Amino acid sequence: MYSQGLLAIDAENSETPEFLAAFQARIDADEKIEPNDPMPAAYRKTLIRQIGQHAHSEIVGMLPEGNWITRAPTLRRKVSLLAKVQDEGGHGLYLYSAAETLGVSRKEMTEELISGRAKYSSIFNYPTQSWADIGAIGWLVDGAAIMNQVPLCRCSYGPYARAMIRVCKEESFHQRQGYEIMVTLAVGAPEQKEMAQDALNRWWWPSLMMFGPPDGESMHSDQSTQWKIKRFSNDELRQKFVDATVPQAHHLGLTLPDTDLKWDKDKQSYEYGEIDWDAFWRVVKGNGPLNRNRVAARKKAWEDGEWVREAALEHARKRRERSMQSQAAE
């Protein structure tokens, strides 16, 4: 998603101008960079940070929805939500694996997350107060994720681009699933439509913040674009999302919580109101409604799973030992 992963990257390079020029020539030719290829240290660092924080976002993103698995209104809804949360866990696995090809371990990335050194998407620090929030997350949050992630399928780094192809297919299903929940609520009883409107009111602005700060305040975005890690700017993606989502809200009969929203005939797009960037930065810096809860949950899961990791490593060691003994006997 997550352009917020590029907020604080040291993009300095120590390589020779000739090396950098040759690397950029490969990028400009749309060649895919693979794990064993020579690459600038800053390119590697940028990818580790972005992919790692993207992976963290997928895993932390399981928490607000997992909270509703046991409270889903029907068995069908329960099964579909369970499948979606499982998908998000898979997305985290793909992305951690892609980051590992750059020389960083999953252990290192997780320890950075639970220590607060690594970030994840700010959107997951908001509570899910009603069942309608699950619909709003699927429709808005996953919709914004798709807008952000589809260009990543053409990212210059091969493992990341290939992982994103499957992620985007599944996110597209999640978006349709969420919108279908909102449709059901919007055409239901007045109380259900009111619940859908309330969820839209609370998730609209955080969803717009998902694309990261305005282009003028987005650090190192130009370098990431030059390296073709990013293909569009934050504001370009945000505008695409608004233009795609407003008609969907109209179809639902719901009102977007933006009195400044209007259609611009000349630009053939929607103008929208000012985003509260102070609120965005408060959440990014760890002061959102549930920042501490989310990190504490990940820390507990990591600590509770230590025995599983140790058992897996010991099992792998014993298998290698037996294999070596078998080969020696032959």
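Here, every reference points to the structure presented above.
Here goes a summary of the coordinates provided. Source: prediction; values computed, not measured. (Residues numbered from 1 in each chain as written. Predicted model: local features only at pLDDT ≥ 70, side-chain atom pairs only at ≥ 80, totals over all residues. Heavy atoms only, no water.)

The next subject is the pattern of salt bridges. Evaluation of the coordinates by the stated rule reveals 20 salt bridges. Here Arg 76 and Glu 180 are joined by a salt bridge, their closest N and O atoms 3.8 Å apart. In this pair, Arg 76 sits in helix 4 (residues 75-100) while Glu 180 sits in helix 7 (residues 158-186), placing the two residues 104 residues apart along the sequence. Overall, Glu 180 belongs to the partly exposed group, its relative accessible area being 29%. (Salt bridge = Lys/Arg side-chain N within 4 Å of Asp/Glu carboxyl O. Helix = DSSP H or I, 4+ residues; strand = E, 2+ residues; numbered from the N terminus. Buried < 20%, exposed > 50% of the residue type's maximum accessible area, 1.4 Å probe, protein only.)

So, on to the nonpolar core. One recurring pattern in soluble globular proteins: nonpolar side chains tend to sit buried together. Within the largest apolar cluster, 51 residues are counted, with the highest numbers of intra-cluster contacts made by Trp 139, Trp 203, Trp 204 and Met 209. If you list the elements that add at least two residues to this core, you get helix 4, helix 6 (131-149), helix 7, helix 8 (190-209), helix 10 (234-252) and helix 11 (277-287). Here this core takes 9 residues from helix 6, the largest share from any one element. Once residues lying within four places of it in the same chain are set aside, the contact partners of Trp 203 are Ile 123, Tyr 126, Pro 127, Thr 128, Asp 133, Ala 136, Ile 137, Leu 140 and Val 141. Counting 27 residues, the second largest nonpolar core, distinct from the first, contains Leu 95, Met 109, Val 167 and Cys 168. (Core = buried A, V, L, I, M, F, W, Y, C linked by side-chain atoms within 4.5 Å. Contact = heavy atoms within 4.5 Å.)

Looking now at helix 1 (residues 17-28). Here helix 1 spans 16 Å end to end across 12 residues, near enough to the 16 Å set by a 1.5 Å rise per residue. All of the buried residues along helix 1 are Phe 23, Gln 24 and Ile 27. In a view along the axis of helix 1, the buried residues occupy a sector of 100°, so they form one face of it. Positive backbone phi, approximately 60°, marks Asp 30, located one or two places after helix 1. (Expected span 1.5 Å × (residues − 1). Arc of directions from axis to C-beta.)

Packing of helix 5 (residues 106-115) against helix 12 (residues 291-304) brings their axes to within 9 Å, and their N-to-C directions diverge by 140°. Taken together, the axis directions place helix 5 and helix 12 in an arrangement best described as oblique. Of the two possible hands of crossing, helix 5 and helix 12 adopt the one that is left-handed. On the side of helix 5, the interface is formed by Lys 107, Thr 110, Glu 111, Leu 113 and Ile 114, while helix 12 contributes Val 295, Arg 298, Lys 299 and Trp 302. Within the contact of helix 5 with helix 12, the residues separate by chemical class into 4 nonpolar, 1 polar and 4 charged. (Axes fitted to C-alpha atoms, helices over the stretch in contact; angles between N-to-C directions. Parallel < 35°, antiparallel > 145°, perpendicular 65-115°, else oblique. Left-handed = near helix turned anticlockwise from the far one by under 90°. Nonpolar A, V, L, I, M, F, W, Y, C, P; charged D, E, K, R; others polar.)

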